[in-house]
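The chain contents come next:
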Amino acid sequence: MLTVPHESEEVNAVPTTGHSVVTHRSNAGLRRGVVGDRGSVTSELAVFVVPFLIIMAMFVVFCGRAASVSIDAHAVAAAAARAAADAPTQAAARTAATQAANAMASGSRFTCTASTDTALFRRGGSVTVRVACLMRLDDLGLPQVGDTRTARASATEPIDTYRAGT
């Protein structure tokens, strides 16, 4: 591609790239540049960088959501274990743990199920609650991630030695 120089331009020797090099005379002095490559960075930015940045932003949202559900699963397990440790009987402990887990997970974007281990349910013993919280991912639109992820947590609470009841 050969371009015609303006009045303030001089054409130098043709470089090996096949583009003409134009020397611009201006108040700032001489300026050289290749005429045929203008605007190529903009198209590369639009084609490669912008989709990559969008995918990275979705990945950051995914990581934030996964961390949030993991933290919340630990909080749900701790609350359910505290509720179970305060219950007077094993059956009441299971019910209290399930109700506490449901109450903690209500109003959030995930659902939790709790299982209560009452094998050591006695004065001075302990109660353990295991929680599995299911997080939806289908609204993110990330490929190869799947529809749901499960965050698991457990918490153990001691049962008071001097409490009334059991």
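The coordinates are above.
Definitions and limits used
- Residues numbered from 1 in each chain as written.
- Predicted model: local features only at pLDDT ≥ 70, side-chain atom pairs only at ≥ 80, totals over all residues.
- Heavy atoms only, no water.
- Helix = DSSP H or I, 4+ residues; strand = E, 2+ residues; numbered from the N terminus.
- Phe/Tyr/Trp six-rings, centres within 6.5 Å; stacked < 30°, edge-to-face > 60°.
- Buried < 20%, exposed > 50% of the residue type's maximum accessible area, 1.4 Å probe, protein only.
- Polar contact = N/O pair within 3.5 Å; in protein donor to acceptor, adjacent residues only side chain to side chain.
- Contact = heavy atoms within 4.5 Å.
- Disulfide = S-S within 2.5 Å.
- Patch = residues over 30% accessible without salt bridge, like charges linked within 9 Å, V, L, I, M, F, W, Y side chains within 5 Å.
- Areas by Shrake-Rupley, 256 points an atom, 1.4 Å probe, with all protein chains shown as cover.
- Salt bridge = Lys/Arg side-chain N within 4 Å of Asp/Glu carboxyl O.
- Pairing = 2+ DSSP bridges.
- Axes fitted to C-alpha atoms, helices over the stretch in contact; angles between N-to-C directions.

## A look at the environment of Ile-159
Turning to its location among the elements, Ile-159 is positioned in the segment after strand E6 (148-158). Once the C-alpha coordinates of Ile-159 and Arg-123 are considered, the two residues, 36 residues apart in sequence, prove to be 5.8 Å apart.

## Description of the packing of aromatic side chains
Counting across every chain of the model gives one aromatic pair. Each ring, one from Phe-59 and one from Phe-62, has its centre 6.2 Å from the other, and the planes form 35°; the classification is tilted. Taken together, the residues span about one helical turn, with Phe-59 and Phe-62 both in helix H1 (residues 40-85) at a distance of three residues. A relative accessible area of 15% means that Phe-62 is categorised as buried.

## Examining the side chain of Thr-128
Here Thr-128 is to be found in strand E5 (residues 126-136). At 3.0 Å, the side chain of Thr-128 and the side chain of Thr-156 are in polar contact. Beyond its immediate sequence surroundings of up to four residues, Thr-128 is in contact with Ser-115, Thr-116, Asp-117, Ala-155 and Thr-156.

## Observations concerning the state of the cysteines
Under the definition given, this model contains one disulfide. The side chain of Cys-112 participates in a disulfide bridge whose partner is Cys-133; the two sulfur atoms lie 2.0 Å from each other. Handedness of the Cys-112-Cys-133 disulfide follows from its S-S torsion of about 100°: it is right-handed. With Cys-112 in strand E4 (residues 110-117) and Cys-133 in strand E5, this residue pair connects regions lying 21 residues apart in the sequence. Residues Cys-112 and Cys-133 agree in their burial class; the two are buried.

## A few points about the environment of Ser-126
For Ser-126, the position within the fold is in strand E5. The sequence separation of Ser-126 and Asp-160 amounts to 34 residues, and the corresponding C-alpha distance is 8.7 Å.

## Digging into a nonpolar patch on the surface
A cluster of nonpolar residues, Leu-45, Val-47, Phe-48, Val-49, Val-50, Phe-52, Leu-53, Ile-54, Met-56 and Phe-59, forms a patch on the protein surface that exposes about 940 Å² of accessible area. Along the chain, the position of Leu-45 falls in helix H1. Overall, the relative accessible area of 44% leaves Leu-45 in the partly exposed class.

## Structural notes on the sheet that holds E5
As summarised here, the arrangement of the three strands in space is E4-E5-E6, forming an open sheet in which the pairing is antiparallel. The open sheet terminates on both sides in strands that have one partner only, identified here as E4 and E6. Neighbour-to-neighbour, the strand axes of the sheet open up by a mean angle of 20°, direction not taken into account. Note that E4 and E5 share eight bridges and pair antiparallel.

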